[in-house]
Amino acid sequence: MENCLIVKDVSFEDFDDGQRSYQCILTFLGGEKARLFCKENIDTKKMYPFYVAVMNGTCPCCKKPNCASLESKKGMLFEQVLKLKPAAGEFETIQPLVLSAR
């Protein structure tokens, strides 16, 4: 894993009960941030990442405003989220964490 993509902290926001989705705000070691959009797979009842976007116009690795390679790493980023916040893997367990962050 590239050092620039090591997540040091994660918070949650924009919980949508109707869509059974939420957003993770990832803070990387270098201080950059990204927003990881996660949604529930209705068959398995597990969360999965479906989109990632840089915040404040800076990719943590290439320092560009738009980075296509970051999108390809959303699965790896979600694995880090699960290590930091295991409850993020299931909608029912993440719901209280997201709601308390409001």
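Conventions adopted
Residues numbered from 1 in each chain as written. Predicted model: local features only at pLDDT ≥ 70, side-chain atom pairs only at ≥ 80, totals over all residues. Heavy atoms only, no water. Helix = DSSP H or I, 4+ residues; strand = E, 2+ residues; numbered from the N terminus. Contact = heavy atoms within 4.5 Å. Polar contact = N/O pair within 3.5 Å; in protein donor to acceptor, adjacent residues only side chain to side chain. Patch = residues over 30% accessible without salt bridge, like charges linked within 9 Å, V, L, I, M, F, W, Y side chains within 5 Å. Areas by Shrake-Rupley, 256 points an atom, 1.4 Å probe, with all protein chains shown as cover. Salt bridge = Lys/Arg side-chain N within 4 Å of Asp/Glu carboxyl O. Buried < 20%, exposed > 50% of the residue type's maximum accessible area, 1.4 Å probe, protein only. Arc of directions from axis to C-beta. Pairing = 2+ DSSP bridges. Axes fitted to C-alpha atoms, helices over the stretch in contact; angles between N-to-C directions.

Visitor: What should I look at first to understand the environment of Glu-71 in this one?
Guide: Structurally, the position occupied by Glu-71 is in helix H1 (residues 68-71). When neighbours within four sequence positions are excluded, Glu-71 is seen to be in contact with Phe-50, Tyr-51 and Val-52. There is a polar contact of 3.2 Å between the side chain of Glu-71 and the backbone nitrogen of Val-52.

Visitor: Can you walk me through a nonpolar patch on the surface in this structure?
Guide: Together, Tyr-48, Phe-50 and Tyr-51 make up a nonpolar patch on the protein surface, roughly 290 Å² of accessible area in all. Position of Phe-50 relative to the elements: it lies in strand E4 (residues 47-54).

Visitor: Can you walk me through helix H2 (residues 74-84) in this structure?
Guide: The complete set of buried residues in H2 reads Leu-77, Phe-78, Gln-80 and Val-81. Looking down the long axis of H2, one finds its buried residues gathered within 155 degrees of arc, a one-sided arrangement. Across from the buried face of H2, at angles greater than 90 degrees, the exposed residues are Glu-79 and Lys-83. On the buried face of H2, the contacting elements are strand E1 (7-16), strand E2 (21-28), strand E3 (33-40), E4 and H1.

Visitor: What am I meant to see in the sheet that holds E2 here?
Guide: Sheet strands associate in pairs through backbone hydrogen bonding, adopting either a parallel or an antiparallel arrangement. Overall, antiparallel pairing links the four strands, which are arranged E1-E2-E3-E4 in an open sheet. Of all the strands in the sheet, just E1 and E4 have a single pairing partner and so form its edges. Adjacent strand axes in the sheet meet at a mean angle of 25 degrees, parallel and antiparallel pairs treated alike. In the sheet, E3 pairs with E4 via seven bridges, with the strands oriented antiparallel. When the bridges of E4 are listed, Arg-35 appears paired with Ala-53. On the sheet, H2 packs against E1, E2, E3 and E4 and is oriented at approximately 110 degrees with respect to E4.

Visitor: Whenever I open this one, the pairing of E2 confuses me. Can you help?
Guide: The element E2 is largely enclosed, with a buried count of eight among its eight residues. Of the two faces of E2, the one carrying Ser-21, Gln-23, Ile-25 and Thr-27 and the one carrying Tyr-22, Cys-24, Leu-26 and Phe-28 are both buried. Where E1 lies against E2, seven bridges are found, and the strand directions are antiparallel. Counted as the bridge partner of Asp-16 is Ser-21 from E2. Here seven bridges tie E2 to E3, and the two strands are oriented antiparallel to one another. Residue pairing in the sheet places Cys-24 in a bridge with Leu-36 of E3. Turn length for the E2-E3 hairpin, with the two strands adjacent in sequence and antiparallel, is four residues, and the turn residue Gly-31 shows positive phi of about 95 degrees.

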